[in-house]
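The primary structure of each chain is shown beneath.
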Amino acid sequence: MNAIEISSLTKSYDGFKLDNISFNVPQGSIMGFIGQNGAGKTTTIKLLLGLIKRDSGSIKMLGLDNIEHEQEVKSQIAAVFDDIPFHDQLNAAQLSTVLADVFLQWDKAVYSEYLDRFNLPKKKKIGQLSKGMRMKLQIAAALSHHAKLLIMDEATTGLDPVVRNEILDIFLEYLQDDQNSILLSSHITSDLEKIADSVTFIDKGKILLTGVKDDIVGSYGVIKCKKSELKDIDKKDIISTRISDFGAETLVADRKLCEKKYSGITIDGTTLEEIMLFYVRRDKGEWTS
Amino acid sequence: MKGMIKKEITLSKKQMLLTVSMFAVFTALCILVRLSMECGNIADDAELRDHLMDNLWVLRYLPFVVLAFSYNPSLTLYGDIESGFLRLCKTTSYSIRSLIGTKVIMLLIFETCVFAVNAVYIVILSLIGGDEGIFSSMAVLLKMTLFFCAVLLLILFFSTVTEKKKTFEVALTAVVTLSGMAFEPFLINKMEKYSGRTDIDVLDLLRLELAPALKYILPLCVLLFISGVLLNIFVGARLLERRDG
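Conventions used here
- Residues numbered from 1 in each chain as written.
- Chains lettered and ligands numbered in written order.
- Predicted model: local features only at pLDDT ≥ 70, side-chain atom pairs only at ≥ 80, totals over all residues.
- Heavy atoms only, no water.
- Patch = residues over 30% accessible without salt bridge, like charges linked within 9 Å, V, L, I, M, F, W, Y side chains within 5 Å.
- Areas by Shrake-Rupley, 256 points an atom, 1.4 Å probe, with all protein chains shown as cover.
- Salt bridge = Lys/Arg side-chain N within 4 Å of Asp/Glu carboxyl O.
- Helix = DSSP H or I, 4+ residues; strand = E, 2+ residues; numbered from the N terminus.
- Buried < 20%, exposed > 50% of the residue type's maximum accessible area, 1.4 Å probe, protein only.
- Contact = heavy atoms within 4.5 Å.
- Buried area = accessible area lost by both parts, 1.4 Å probe.
- Polar contact = N/O pair within 3.5 Å; in protein donor to acceptor, adjacent residues only side chain to side chain.
- Nonpolar A, V, L, I, M, F, W, Y, C, P; charged D, E, K, R; others polar.
- Pairing = 2+ DSSP bridges.
- Axes fitted to C-alpha atoms, helices over the stretch in contact; angles between N-to-C directions.
- Lys, Arg positive; Asp, Glu negative; His and termini not counted.
- Charge placed at Lys NZ, Arg CZ, Asp CG, Glu CD.

Residues and elements named next belong to chain B. Taken together, the side chains of Leu18, Met22, Val25, Phe26, Leu29, Ile31, Leu32 and Leu35 present a nonpolar region at the surface, about 750 Å² in accessible area. In this fold, leucine 29 is placed in helix 1 (residues 2-39). Leucine 29 gets classed as partly exposed once you look at its relative accessible area, which sits at 45%.

Next comes the structure, spelled out in structure tokens:
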């Protein structure tokens, strides 16, 4: 079963179009949703959360249409935003009382455990907390009402590596229950490299890649060669090429095939960041770093 | 609802503390003046003492005037929007109608408390001889409370329509300006007509003159109040719930 099923989803704004996108998030897994700023990640998440109207297409969350079964769906999900959605004047203890009204299955004990675990002060006003603490508080709140699906929009952006790692570990712990799933939008690909099971890459409102992370990373490769050797590579195999003083680097989608096709040329493994970088500049063909 | 009411109180705490302090200072001043009238400097000046006694009625609605503004649901709504809390609520199964309903209930509880404090004040003033018309004062207080609640509820409704803080300021300025424009010619006219009389006499004369119109004030306040509640619960909440774009 899929925790999220997006099919032919379209949404147009003035100057931007989310163009007929489709992807699934399998239950019990964490999907990284990557793309540069303005690629359409936040629009997709807003559509998932029912914050904006879709033009066409369908969204199923936990097997239910997110608009037709809005209340049922919303009672089982948790959203985490890039900035904390709580009033600065409240403290963590007061927040618990407020959220007990908001979430049907609010678990005060679990929330209290997370506060202790994250070393979050209970009586300090939210406005006086650091960015990392605020994010941890938001995540503590999101994990304290037994949500089956976490939807996070740039939740780790702006945090230092120590806090980010701490949060990523919490996500992995949350996924120990195979009923739970996470959609994590981020442009910090190293985080996703570490924890994501699958990845969806969006650019200019279109899905470029979606699938199991290890398959994607494993299938792509970077050919490292001299500029003069570029002419020997079939243009159909090339996503884009980075030219530097030391030579050329070309991203290819099928590493194994290219290894057979271009014997004698070095093809290295790649990372999500490189795949994103080469794809984003695919229109240019060749680019300099 | 307990948590949401606590949130409303926490968000308005600063304003509430400020107005309660102002009220305490005013009350302390009044007590000092009253003590002075009995056994201080003013006791020796019969003319000043009588004048102050005649004008003690001015204080009848002091608690209402000072305290009624302490809780403003439009400003807490703005806080909900600005902090992102409203957006968070939209991603949960918590209904926006409950969010608005809490603000309406909180306003009613708060203004009822202000009414009760003011009612006690009126009784105390009448006991110390400042005013004998307890029941008429209570009736005026009730109308003022209903009218004030209605105005705040209507401003809350306009705030939900625009989702902007400025709505409150614009609406308040508009209400004050329009009221001023409507009443100014009337008041100037009456002041000229009754010039030379004491304030309390002028008020009594005005009350007599306006008696036929005054009987509509209570039903009008009730109507405005009910409209305010219904508009917020059934229309305002729906507007806030709507999806953008």
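As a measure of interface size, the accessible area lost when the parts come together is often cited. Counting residues at the interface gives 29 residues for chain A and 24 residues for chain B. At the boundary of chain A with chain B, total buried surface from both sides reaches about 2400 Å², with 62% on carbon and sulfur atoms. Its largest share of buried area at the contact with chain B, chain A owes to Leu51(A), His87(A) and Asp101(A), together 25% of the area lost on that side. Joining chain A to chain B, the criterion identifies zero salt bridges. Here chain A is connected to chain B by seven residue pairs in polar contact (both at pLDDT 80 or more). Mapped by element, the contributors of at least two residues to the side of chain A that touches chain B are helix 2 (70-74), strand 6 (77-80) and helix 3 (92-102) of chain A. Per element, the largest residue contribution to the side of chain A that touches chain B is six residues, and it comes from helix 3 of chain A. Taken together, the residues of the side of chain A that touches chain B sort by class into 16 nonpolar, seven polar and six charged.

Either a parallel or an antiparallel arrangement is found when strands of a sheet pair, and the pairing is made through backbone hydrogen bonds. Residues and elements named next belong to chain A. Overall, mixed pairing links the five strands, which are arranged 14-11-13-12-15 in an open sheet. Two strands close off the open sheet at either side, each with one partner strand: strand 14 (266-268) and strand 15 (286-288). Taking each pair of neighbouring strands and ignoring which way they run, the sheet shows an average axis angle of 30°. Here three bridges tie strand 12 (residues 238-244) to strand 15, and the two strands are oriented parallel to one another. Each residue of the ladder has a partner; that of arginine 242, found in strand 15, is tryptophan 287. Sheet strands touched by helix 10 (residues 272-280): strand 11 (221-225), strand 12, strand 13 (247-252) and strand 15. Its angle to strand 12, the strand with the most contacts, is close to 95°.

Taken together, the side chains of Asp44(B), Asp45(B), Glu47(B) and Asp50(B) present a region of like negative charge at the surface. Turning to its location among the elements, Glu47(B) is positioned in helix 3 (residues 46-54).

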